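# Coordinate inspection notes
So you can see what is in the structure, the chains are spelled out below.
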Amino acid sequence: MLKLGVNIDHTATLREARYRGQEGGEPDPIEAASICIDAGCHGITAHLREDRRHIQDNDIDRLVSVLTVPLNFEIANTPEMIAKALEIKPTAVCMVPEKREEVTTEGGLDVASQLEAISKSVTELQGNGIEVSLFIDPDEEIIRASHSTGAKAIELHTGAYAEAFSQTSERKKELERLSIASNLAHSLGMKVNAGHGLNYTNLTGLLEVPWLEELNIGHSIVARALTVGFERAVREMLELMANPD
Ligand code: PXP
C-alpha cells in the first residue's frame, strides 16, 4: 500500500513568523503531527535546517518522544545533522541538499560530486539501524551513484513534474522520466519514495509511476488544513491516494 508521510515543517514556519526566538507559540507542529496520525497518515516528516528557519531542535526532540508512527528526519549531510540523527535515531533519514538562500528544497542531491562524504554518512546511519533515502532528481546517473553509496532508498524529487503539470506534453515527459528512474532504482533493489510540490490536483497523475512506496507531502496539506483542518486535509489526501480515479 502506498504510504503518506506528512511534512509538518510549514506549521513551524507559521509559528516562527510570530514567535521566532521565543519558547512555545502556536501552532505547535507536534499537535499537528498528532492530528495527522489520528487521521491515518503513515509517517511524519520534519526537516531540521541549518538556519532553523522552521523546525527547531526542541520540536524534533518532542516529536521523537511522542510519535507513534515513523519519523522521517530530513537533513543536510553535515556533521551537526548526522550527530543529531545518531542521537535521536529516527526510523529514517532523508538526505537533502540545503542552500540558505532557497525558499524550500529546490533540487535533488548531487550525489556523484559528493560520493565519498555521502557514502560515509549512509554507512554510519544504516549501521545504526536508520533507513537512509537520498532526495534526488529522476536521472539515471544520479540513481546509479545513489546506489553505489549503499543507500537502500531514494526519494524522487517531483518538483519538475509539479511545475510541468499544466502542460500536457511536458507533464508526460516528466512522468516518463520519473517512471524510468523508478524502474531503474527498483531493479537495483532500492525502495522508491517521492515528494515535493505534490497537491490535491497533481497527485493522481503521479500514481502512474511504478514502485512508489511512500509520498512525502507538506505544503498542500498544511495549506488545506488552514481552511478545513488537518484531520480532513489528511483524510482527503489518503482518499485520493487510494482512489485516484
Ligand atoms: N520531500 C522532501 C525531501 C522535501 O524537502 C520536501 C519539502 O521541500 C517535501 C518532500 C515536501 O514538499 P512540499 O512541501 O512541496 O509538499
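Note that the structure is a prediction, hence the values are computed from the model and not measured. (Residues numbered from 1 in each chain as written. Predicted model: local features only at pLDDT ≥ 70, side-chain atom pairs only at ≥ 80, totals over all residues. Heavy atoms only, no water.)

On to the overall build of the chain. Looking only at helices and strands, the chain features eleven helices and eight strands. Computed over the C-alpha atoms, the radius of gyration of the chain is 17 Å, within 12% of the 18 Å expected from 2.2 N^0.38 for a compact globule of 245 residues. Considering only C-alpha atoms, the chain reaches an extent of 45 × 45 × 35 Å along its principal axes. Counting the 245 residues in the chain, one finds 49% classified as buried. Of all intrachain contacts in the chain linking residues separated by at least 6 positions in sequence, the fraction that spans at least 24 positions is 66%. The averaged location of the 39 negative side-chain charges in the chain is 1 Å from the averaged location of its 23 positive side-chain charges. (Helix = DSSP H or I, 4+ residues; strand = E, 2+ residues; numbered from the N terminus. Rg over C-alpha atoms; globule rule 2.2 N^0.38 Å. Buried < 20%, exposed > 50% of the residue type's maximum accessible area, 1.4 Å probe, protein only. Contact = heavy atoms within 4.5 Å. Lys, Arg positive; Asp, Glu negative; His and termini not counted. Charge placed at Lys NZ, Arg CZ, Asp CG, Glu CD.)

Take the nonpolar core next. In this structure, L4, I44, L63, L134 and L215 are the most contacted members of the largest nonpolar core, which totals 69 residues. Residue contributions to this core peak at six residues, all from helix 11 (residues 230–242). Non-local contacts of I44, meaning those with residues more than four positions away in its chain, are made with V6, I8, A33, C36, I37, L63, L67, V69, P70, L71 and N72. (Core = buried A, V, L, I, M, F, W, Y, C linked by side-chain atoms within 4.5 Å.)

So, about the UniProt feature "binding site: 1-deoxy-D-xylulose 5-phosphate" (unreviewed entry) in the chain. Residues given the UniProt feature "binding site: 1-deoxy-D-xylulose 5-phosphate" (unreviewed entry) here are D9, H10, R49, H54 and T104. Within the secondary structure layout, R49 lies in the loop between strand 2 (43–47) and helix 3 (57–66). Within the secondary structure, H54 sits in the loop between strand 2 and helix 3. Here H54 is in contact with D9, A12, T13, R15, E16, H47, R49 and D59, once residues within four sequence places are set aside. (UniProt positions renumbered as here; feature names shortened; annotations may be inferred.)

For the rest of this paragraph, the subject is the pattern of salt bridges. Per the counting criterion, the structure on display carries 18 salt bridges. E16 is the salt-bridge partner of R15, the closest N and O atoms lying 3.0 Å from each other. As a salt-bridge pair, E80 and R52 come within 2.6 Å of each other at their nearest N and O atoms. Taken as a pair, E80 in helix 4 (residues 79–88) and R52 in the loop between strand 2 and helix 3 lie far apart in primary sequence, 28 residues in all. Here the salt bridges share partners, and the residues they tie into one network are R15, E16, R20, D28, D59 and R62. (Salt bridge = Lys/Arg side-chain N within 4 Å of Asp/Glu carboxyl O.)

Moving on to the packing of helix 4 against helix 5 (residues 115–127). Helix-helix packing is described using two parameters, namely the angle between the two axes and the distance between the axes. With their axes 10 Å apart at the nearest point, helix 4 and helix 5 run at an angle of 10° to one another. Relative to helix 5, the element helix 4 is oriented roughly parallel. Residues I82, A85 and L86 of helix 4 touch helix 5, and the partners they reach there are S121, E124 and L125. Residues of the contact of helix 4 with helix 5, tallied by class, amount to four nonpolar, one polar and one charged. (Axes fitted to C-alpha atoms, helices over the stretch in contact; angles between N-to-C directions. Parallel < 35°, antiparallel > 145°, perpendicular 65-115°, else oblique. Nonpolar A, V, L, I, M, F, W, Y, C, P; charged D, E, K, R; others polar.)

On to the site of the ligand. For the ligand, the set of nearby residues contains 15 residues, the closest of which are E74, E155, G197, G218 and H219. Within the backbone of H219, one N or O atom sits 2.8 Å away from an oxygen atom of the ligand. In isolation the ligand has 390 Å² of accessible area, and contact with the protein removes 95% of it. (Near = heavy atom within 4 Å. Polar contact = N/O pair within 3.5 Å; in protein donor to acceptor, adjacent residues only side chain to side chain. Areas by Shrake-Rupley, 256 points an atom, 1.4 Å probe, with all protein chains shown as cover.)

This part is about the environment of P210. Residue placement: P210 occurs in the loop between helix 9 (203–206) and strand 8 (212–217). Note on P210: relative accessible area 24%, which makes it partly exposed. Here the alpha-carbon distance between P210 and V192, two residues 18 residues apart in the chain, equals 9.1 Å. In this structure P210 touches S179, S182 and N183, once residues within four positions along its chain are discounted.

A few words now on the UniProt feature "site: Transition state stabilizer" (unreviewed entry) in the chain. Within the UniProt annotation, "site: Transition state stabilizer" (unreviewed entry) is assigned to E155. Along the chain, E155 turns up in strand 6 (residues 153–157). Of the residues examined, E155 reaches a relative accessible area of 5% and is grouped as buried. Those residues in contact with E155 that lie beyond four places of it in its chain are N72, C94, S133, L134, F135, I136, N193, A194, G195 and N216.

By the criterion of burial, strand 5 (residues 131–136) is predominantly enclosed, with five of the six residues buried. Between strand 5 and its parallel partner strand 6, the chain crosses via helix 6 (residues 140–148), and the hand of that crossover is right-handed. (Right-handed = clockwise from strand over helix to strand, strands pointing away.)

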